[in-house]
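# Fold and geometry: a report
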Amino acid sequence: RQAWPLLAMICVTMIGSGMMVPVLSLYAATFGVTSTLVGMLMTVFGVGRLLSNYPGGWLSQKLGRRPLLIAGAVIIGVGCVGAATTEDFYHLVFWRFVQGVGSGMYMTVSGAALADMSSSENRARIVGLYQAALQFGASIGPVFGGFFASYFGVRAPFGAVFAISVATVILGIFAVRDHHAKVS
């Protein structure tokens, strides 16, 4: 039961991540850049995730899981605002990197938080639910991203993901308990 709020947060965070899939190349094209630079825009998100995975996990050992879950969602939201409002392609690349940092931190710490909630009797079931929430969110996100872009413009999905980030922060504050015993 304690895992459900966190699983919901993981799912909606991945919906937000998936929302970017259909719009990033279209948005990048509005800046008149080459296909190579569009590829860089896609890659930099993953680089941000990679660079934040270990520090996010390490910090969550020191500070607890909940503060890092909240921080990851805040970073994603800040990156979305920056990406939606930029008028320069290279700033867009920077803001996508910021989103990747937040996403890497969030997903690493959410997995650790679920592991903290599990026992040897239910760990495989919890991991299965984690993967289901992650994959379901990532799978349906592009539909929502395409919808928002079609009806409200290519910057609109960033606003929707910002709203998801705010909701995730609120859930993190009020619905997630930190089960991790902090290590000194």
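Note: the structure precedes this text.
Here is what the cut-offs are and how they apply
Residues numbered from 1 in each chain as written. Predicted model: local features only at pLDDT ≥ 70, side-chain atom pairs only at ≥ 80, totals over all residues. Heavy atoms only, no water. Helix = DSSP H or I, 4+ residues; strand = E, 2+ residues; numbered from the N terminus. Rg over C-alpha atoms; globule rule 2.2 N^0.38 Å. Buried < 20%, exposed > 50% of the residue type's maximum accessible area, 1.4 Å probe, protein only. Contact = heavy atoms within 4.5 Å. Salt bridge = Lys/Arg side-chain N within 4 Å of Asp/Glu carboxyl O. Polar contact = N/O pair within 3.5 Å; in protein donor to acceptor, adjacent residues only side chain to side chain. Phe/Tyr/Trp six-rings, centres within 6.5 Å; stacked < 30°, edge-to-face > 60°. Expected span 1.5 Å × (residues − 1). Axes fitted to C-alpha atoms, helices over the stretch in contact; angles between N-to-C directions. Parallel < 35°, antiparallel > 145°, perpendicular 65-115°, else oblique. Left-handed = near helix turned anticlockwise from the far one by under 90°. Patch = residues over 30% accessible without salt bridge, like charges linked within 9 Å, V, L, I, M, F, W, Y side chains within 5 Å. Areas by Shrake-Rupley, 256 points an atom, 1.4 Å probe, with all protein chains shown as cover. Bend = angle between axes of the 7 residues up to and from the residue.

Tallying secondary structure elements over the chain gives seven helices and zero strands in all. When the helices and strands of the chain are read in sequence order from the N terminus, they spell out α-α-α-α-α-α-α. A compact globule built from 184 residues would reach a C-alpha radius of gyration of about 16 Å, and the chain, at 16 Å, matches this within 12%. Considering only C-alpha atoms, the chain reaches an extent of 55 × 30 × 25 Å along its principal axes. Burial statistics for the chain: of 184 residues in total, 45% are counted as buried. Counting contacts in the chain only where the partners sit at least 6 residues apart, residues at least 24 apart contribute 86% of the total.

Let's shift gears to the pattern of salt bridges. Within this structure, the stated rule accounts for two salt bridges. Here arginine 155 makes a salt bridge to glutamate 87, at a shortest N to O gap of 3.8 Å. Here arginine 155, found in the loop between α6 (123–152) and α7 (156–175), pairs with glutamate 87, found in the loop between α4 (65–85) and α5 (89–117); they are 68 residues apart in sequence, far enough to count as distant. A relative accessible area of 28% places arginine 155 in the partly exposed class. Glutamate 87 gets classed as exposed once you look at its relative accessible area, which sits at 65%.

Let us look at the environment of serine 60. By the element assignment, serine 60 lies in helix α3 (residues 35–63). Spatially, the C-alpha atom of serine 60 lies 10.0 Å from that of serine 110, the residues being 50 residues apart in sequence. Separated by 2.8 Å, the side chains of serine 60 and arginine 65 make a polar contact.

Moving on: the environment of methionine 40. With respect to the helices and strands, the residue methionine 40 is situated in helix α3. The class for methionine 40 is partly exposed, based on a relative accessible area of 33%. Ignoring anything within four residues of it in the chain, the contact list for methionine 40 reads Phe89, Tyr90 and Val93.

This part takes up the packing of aromatic side chains. Evaluation of the coordinates by the stated rule reveals nine aromatic pairs. Here phenylalanine 147 and tyrosine 151 contribute two aromatic rings whose centre-to-centre distance is 4.8 Å and whose plane-to-plane angle is 45°, an arrangement assigned as tilted. Within this pair, phenylalanine 147 and its partner tyrosine 151 are both found in helix α6, separated by four residues, close to a single helical turn. Given a relative accessible area of 59%, tyrosine 151 falls into the exposed group.

Three or four residues apart is the spacing at which side chains of an α-helix point the same way, because the helix has 3.6 residues per turn. With 29 residues, α5 should reach 42 Å at 1.5 Å per residue; the first-to-last C-alpha distance of 42 Å fits that figure. Its side-chain oxygen 3.0 Å from the backbone nitrogen of tyrosine 90, aspartate 88 forms the N-cap of α5.

So, on to the packing of α5 against α6. In contact at an axis separation of 10 Å, α5 and α6 are set at 150° when each is read in the N-to-C sense. Judged by the inter-axis angle, α5 sits roughly antiparallel to α6. The handedness of the crossing between α5 and α6 comes out as right-handed. Where α5 approaches α6, its residues Met107, Ser110, Gly111 and Leu114 are matched on the opposing element by Ile126, Tyr130 and Leu134.

So, on to a nonpolar patch on the surface. On the surface, Val81, Phe162, Val166, Ile170, Ile173 and Phe174 cluster together to form a nonpolar patch covering roughly 550 Å² of accessible area. For valine 166, the location among the structural elements is in helix α7.

On to α3, then. Its 29 residues give α3 an end-to-end C-alpha distance of 41 Å, which sits within 8% of 42 Å, the value for a rise of 1.5 Å per residue. The largest bend in α3 amounts to roughly 35° and is located at serine 52, with the proline proline 55 lying one to four residues further along. Of the positions making up α3, those classed as buried are Leu37, Val38, Leu41, Val44, Phe45, Gly48, Ser52, Gly56 and Ser60. Contacts from the buried residues of α3 go to α1 (3–19), α2 (24–29), α4 and α5.

The analysis is restricted to geometry; functional conclusions fall outside its scope.
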